[in-house]
Amino acid sequence: MNDNEIVQLFWDRNQQAIAAASQKYGGYCASIAKNILKNQQDAEECVNDAYLNAWNAIPPHRPAVLSAFLGKLTRNLAFNTYRRQCAEKRGGGEIALVLEELSDFISADDSVEQAMNRKTLVKEINAFLDKLPRAKRDIFVCRYYYADSVAAIARRFGLTQNNVSVTLNRIRSQLKKHLTERGFTL
């Protein structure tokens with residue numbers, strides 16, 4: 001079943017929509033949630049909540065790319081779960097490391113003006129990523145969108161962990177320079 005047919009099932013309020021979405025994108029969504037939460041049960045709960053959120057969002061929203069829509073729902077729910085768990089028990093882990101690596105890009109005292117410019121910031125980050133060679137962009141996205149570990153990225157791309165770490169460090173430095181040159185305060 002293609003994405004348009006699955007979206008139409010959601011639109012028609014046909015309960016087969018969830019089964020079809022699960023069959024096609026269940027593994028994809030589960031891997032996103034597992035990378036963030038490192039817990040099978042919590043990941044399954046996030047994926048199920050993502051399907052519920054999709055059910056509630058379609059209609060009125062009609063996603064153009066169902067995989068991205070479900071992935072983003074799952075990712076947001078997993079991060080919310082992670083934050084809630086960390087508030088209960090402070091602990092390390094891959095997500096804490098990912099957030100620490102990006103701490104230069106997150107302002108501690110977000111002003112109203114910065115909040116209003118968030119869309120501009122996202123556009124600038126996307127423009128920066130579009131200029132990167134595909135391999136570097138894929139490494140960056142695996143780390144900072146999917147929260148893959150450096151070891152997993154190294155295995156996936158046939159690189160050493162040191163090579164991945166150096167590549168990520170260089171990309172972050174280039175991104176920081178790119179954003180600073182465009183007037184963003186980091």
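Computed from a prediction, not measured in an experiment: that's the story for all the values here. (Residues numbered from 1 in each chain as written. Predicted model: local features only at pLDDT ≥ 70, side-chain atom pairs only at ≥ 80, totals over all residues. Heavy atoms only, no water.)

Enquirer: So what's going on with the nonpolar core? Which residues, and what values?
Expert: Core analysis: the largest hydrophobic core is formed by 32 residues, its most contacted members being Phe-10, Ile-36, Leu-66, Phe-69 and Leu-70. At the level of elements, α1 (3–11), α2 (16–37), α3 (40–57) and α4 (66–88) are the ones that each hand at least two residues to this core. At ten residues, the largest contribution of residues to this core is made by α2. Excluding residues within four positions of it along the chain, Leu-66 makes contact with Asp-3, Ile-6, Val-7 and Tyr-25. Residues Leu-121, Val-150, Val-164 and Phe-184 belong to the second largest nonpolar core, which totals 17 residues. (Core = buried A, V, L, I, M, F, W, Y, C linked by side-chain atoms within 4.5 Å. Buried < 20%, exposed > 50% of the residue type's maximum accessible area, 1.4 Å probe, protein only. Helix = DSSP H or I, 4+ residues; strand = E, 2+ residues; numbered from the N terminus. Contact = heavy atoms within 4.5 Å.)

Enquirer: Tell me about the packing of aromatic side chains, and please be specific about residues and values.
Expert: One pass over the full model with this rule turns up five aromatic pairs. Aromatic side chains Tyr-28 and Tyr-146 sit 6.3 Å apart centroid to centroid with 70 degrees between the ring planes, which places their arrangement in the edge-to-face category. Of the two residues, Tyr-28 is situated in helix α2 and Tyr-146 in the loop between α8 (134–144) and α9 (150–157); the sequence distance between them amounts to 118 residues. Both rings, one in Tyr-145 and one in Tyr-146, keep their centres 4.9 Å apart while their planes meet at 85 degrees; by these two values the pair is edge-to-face. Aromatic ring contacts, followed pair by pair, group Tyr-25, Tyr-28, Tyr-145 and Tyr-146 into a single cluster. A cation over a ring is seen here: Arg-13 above Trp-55, with NZ or CZ 4.2 Å from the ring centre. Arg-62 extends its terminal NZ or CZ atom over the ring of Trp-11, reaching a point 4.1 Å from the ring centre. (Phe/Tyr/Trp six-rings, centres within 6.5 Å; stacked < 30°, edge-to-face > 60°. Lys NZ or Arg CZ within 6 Å of the ring centre and 35° of its normal.)

Enquirer: Please give an account of the packing of α2 against α3 that cites residues and values.
Expert: Relative orientation of the contacting elements α2 and α3 amounts to 135 degrees, with a least axis distance of 8 Å. By the angle class used here, α2 and α3 are oblique. The way α2 lies across α3 gives a crossing that is right-handed. In this structure, α2 uses Ala-17, Ile-18, Ala-21, Ser-22, Tyr-25, Gly-26, Cys-29, Ala-30, Ala-33, Lys-34 and Leu-37 to contact α3, whose residues at the interface are Gln-40, Asp-42, Ala-43, Cys-46, Val-47, Tyr-51 and Trp-55. Here the residues of the contact of α2 with α3 are counted per class, giving 13 nonpolar, three polar and two charged. (Axes fitted to C-alpha atoms, helices over the stretch in contact; angles between N-to-C directions. Parallel < 35°, antiparallel > 145°, perpendicular 65-115°, else oblique. Left-handed = near helix turned anticlockwise from the far one by under 90°. Nonpolar A, V, L, I, M, F, W, Y, C, P; charged D, E, K, R; others polar.)

These figures come from the coordinates and say nothing about function on their own.
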